[in-house]
Each structure stands twice: as C-alpha cells, then as structure tokens.
Amino acid sequence: MNISSPKALAILLPIFLLAIFAGKTAQAEPALVFENVWIAEAPPVSKVLAAYMNIKNTGDEDQKLVSARSDDFGSVEFHRTVEKNGMASMQHQQFLSIPAGGSLTLKPGSYHMMLFNPVRQLRAGDESSFQFQLESGNSINATAVVKKASAEDSHQHHHH
Ligand SMILES: [Cu+2]
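Quick notes on the rules
- Residues numbered from 1 in each chain as written.
- Predicted model: local features only at pLDDT ≥ 70, side-chain atom pairs only at ≥ 80, totals over all residues.
- Heavy atoms only, no water.
- Helix = DSSP H or I, 4+ residues; strand = E, 2+ residues; numbered from the N terminus.
- Buried < 20%, exposed > 50% of the residue type's maximum accessible area, 1.4 Å probe, protein only.
- Polar contact = N/O pair within 3.5 Å; in protein donor to acceptor, adjacent residues only side chain to side chain.
- Contact = heavy atoms within 4.5 Å.
- Phe/Tyr/Trp six-rings, centres within 6.5 Å; stacked < 30°, edge-to-face > 60°.
- Core = buried A, V, L, I, M, F, W, Y, C linked by side-chain atoms within 4.5 Å.
- Salt bridge = Lys/Arg side-chain N within 4 Å of Asp/Glu carboxyl O.
- pLDDT = per-residue confidence, 0-100.
- Donors = N, O, S within 2.8 Å, 3.2 Å for Na, K, Ca; no water.
- Tetrahedral: all angles 85-135°; square planar, octahedral: opposite > 155°, others 65-115°.
- Pairing = 2+ DSSP bridges.

Right, let's get into the side chain of N54. Its location among the elements puts N54 in strand β2 (residues 48–57). Given a relative accessible area of 16%, N54 falls into the buried group. A distance of 2.7 Å separates polar atoms of two side chains, one belonging to N54 and the other to T105. Setting aside residues up to four positions removed in sequence, N54 forms contacts with V33, F34, E35, S103, L104 and T105.

As structure tokens, this is what we get:
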C-alpha cells in the first residue's frame with residue numbers, strides 16, 4: 001500500500017487520530033506505576049507460579065486493584081503470606097490497596113500474585129503481560145519478566 005495515496009490516507013488518518021485519543025485516555029488513568037514486575041521461573045510441571053512487583057501510586061487518591069488476568073494463565077489471585085506461630089500460610093486477598101503517594105511491594109514472604117495453570121512454559125527471559133482491574137473500573141497493563149527466583153532473592157537482600 002502506497003501510504004501517500006488519498007485512499008491510504010483515508011484509512012490511516014482515523015487510525016492515527018484514534019492512537020492519539022487512546023494515548024490521552026491512558027494518561028487519564030490512575031497514576032499507578034508498576035516497577036520490577038517479575039515472575040519466578042518454575043519447573044515445567046508447575047501448575048502454580050508467583051509474581052512480584054512494586055506498585056507506586058503517584059496520584060492523590062487511594063487505589064484498589066480488584067483483579068488481574070493474563071492470557072498465559074488460567075487464573076490469577078492476590079495472596080499474602082503471613083506467619084502465625086512459626087507457620088507460614090497464604091491468605092487470599094480480595095484486593096490490593098495502594099495508598100495515595102505511597103506504594104505496595106509484592107515480594108517473597110509477603111504480598112504476591114499467584115498464577116494458576118500456565119498455558120505455556122515460561123522460561124527466564126520470557127515476558128508475560130497482565131491486565132489489572134481497578135475498583136474505579138479502569139484497567140492497567142503491566143509486563144512481567146520471568147526470572148530465576150534464587151538470583152532475585154539474593155539480589156533483593158542487597159537492598160536491605
Ligand atoms: Cu500464594
């Protein structure tokens with residue numbers, strides 16, 4: 001297709017304007033910034049994986065994530081690992097709250113996302129994208145990178 005032809009322009013111009021409009025809409029979304037989103041690599045037989053990240057709320061309103069989904073997994077849940085009498089257990093969380101001007105860190109031994117029934121094998125270096133649904137009705141996408149868990153755990157210790 002010759003993109004300088006009037007016919008091509010008639011097709012491309014609306015797409016171009018739509019892209020600008022979509023960009024503006026995205027800016028109006030809640031000011032959540034997803035950082036260091038990663039999935040812990042698991043053996044191929046694993047039916048459950050975990051994802052971690054830091055979520056920053058740069059806005060002046062509290063935000064609640066009510067659900068997450070990914071094409072790479074059957075379902076996604078928010079969990080929190082809590083220790084009671086020396087026993088660690090996971091609690092299902094209905095939502096994740098990110099306070100205005102604050103952040104929430106999902107990390108091993110704390111809040112995390114549980115990823116059930118992967119539809120493909122994810123190896124270190126692979127990417128997977130998530131769509132988060134907010135209580136406000138907005139949704140936000142974030143891309144996760146698959147990493148080897150042991151390396152990331154030791155990496156995290158350097159920041160303490
Ligand atoms: Cu869990």
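There is more to say after this.
With the rule as written, the count across this model stands at 4 aromatic pairs. Consider the rings of F34 and F132, whose centres lie 4.6 Å apart with planes at 25°: the pair is stacked. Taken as a pair, F34 in strand β1 (residues 32–40) and F132 in strand β9 (residues 127–134) lie far apart in primary sequence, 98 residues in all. Considered together, F34 and F132 belong to a single accessibility category, that of buried residues. Between F73 and F130 the ring centres are 6.2 Å apart and the planes differ by 10°, which places this aromatic pair in the stacked class.

Attention shifts here to the nonpolar core. F34, I39, L65, M113, L115, F130 and F132 are the most contacted members of the largest nonpolar core, which totals 29 residues. Excluding its chain neighbours within four sequence positions, the residues that come into contact with F132 are F34, M53, L65, S67, A68, F78, M113, N138, S139, I140 and A142. Core analysis: the next-biggest nonpolar cluster, separate from the first, contains 6 residues, W38, Y52, M114 and F116 among them.

Evaluated as defined, the whole model comprises 5 salt bridges. Between K148 and E41 there is a salt bridge, with its nearest N and O atoms 2.8 Å apart. Residue K148 is located in the loop between β10 (139–147) and α2 (149–157), and its partner E41 is located in the loop between β1 and β2; the two are separated by 107 residues in the primary sequence. You can call E41 partly exposed: its relative accessible area is 26%.

This part covers the confidence of the model for the protein. On average, residues of the protein carry a pLDDT of 86, and 76% of them reach 70 or more. Predicted confidence for residues 154–160 stays below pLDDT 50, and this span has 2 contacts to residues more than four positions away or in other chains.

Bound to the copper ion are the protein donor atoms H79 (ND1), M90 (SD), H112 (NE2) and M114 (SD), situated 2.1 to 2.2 Å from the metal. Considering all 4 donor atoms around the copper ion, the spread of angles at the metal, 94 to 120°, places the coordination shape in the tetrahedral class. In this structure H79 comes out as buried when scored by relative accessible area, which is 7%. Take M90: its relative accessible area is 47%, and that puts it in the partly exposed class.

We now examine the pairing of β9. When a strand is regular, its side chains alternate between the sheet's two faces. Here β9 shows a clear split, with S128, F130, F132 and L134 buried on one side and none of E127, S129, Q131 and Q133 buried on the other. Pairing of strand β3 (residues 63–69) with β9 involves 4 bridges; the strand directions are antiparallel. Bridge pairing in β9 places L65 opposite L134. Strand direction decides the pairing type here: β9 and β10, joined by 7 bridges, are antiparallel. Looking across to β10, one finds that S128 is bridged to A144. Linking β9 to β10, which pair antiparallel, is a turn of 4 residues; within it G137 sits at a positive phi near 100°.

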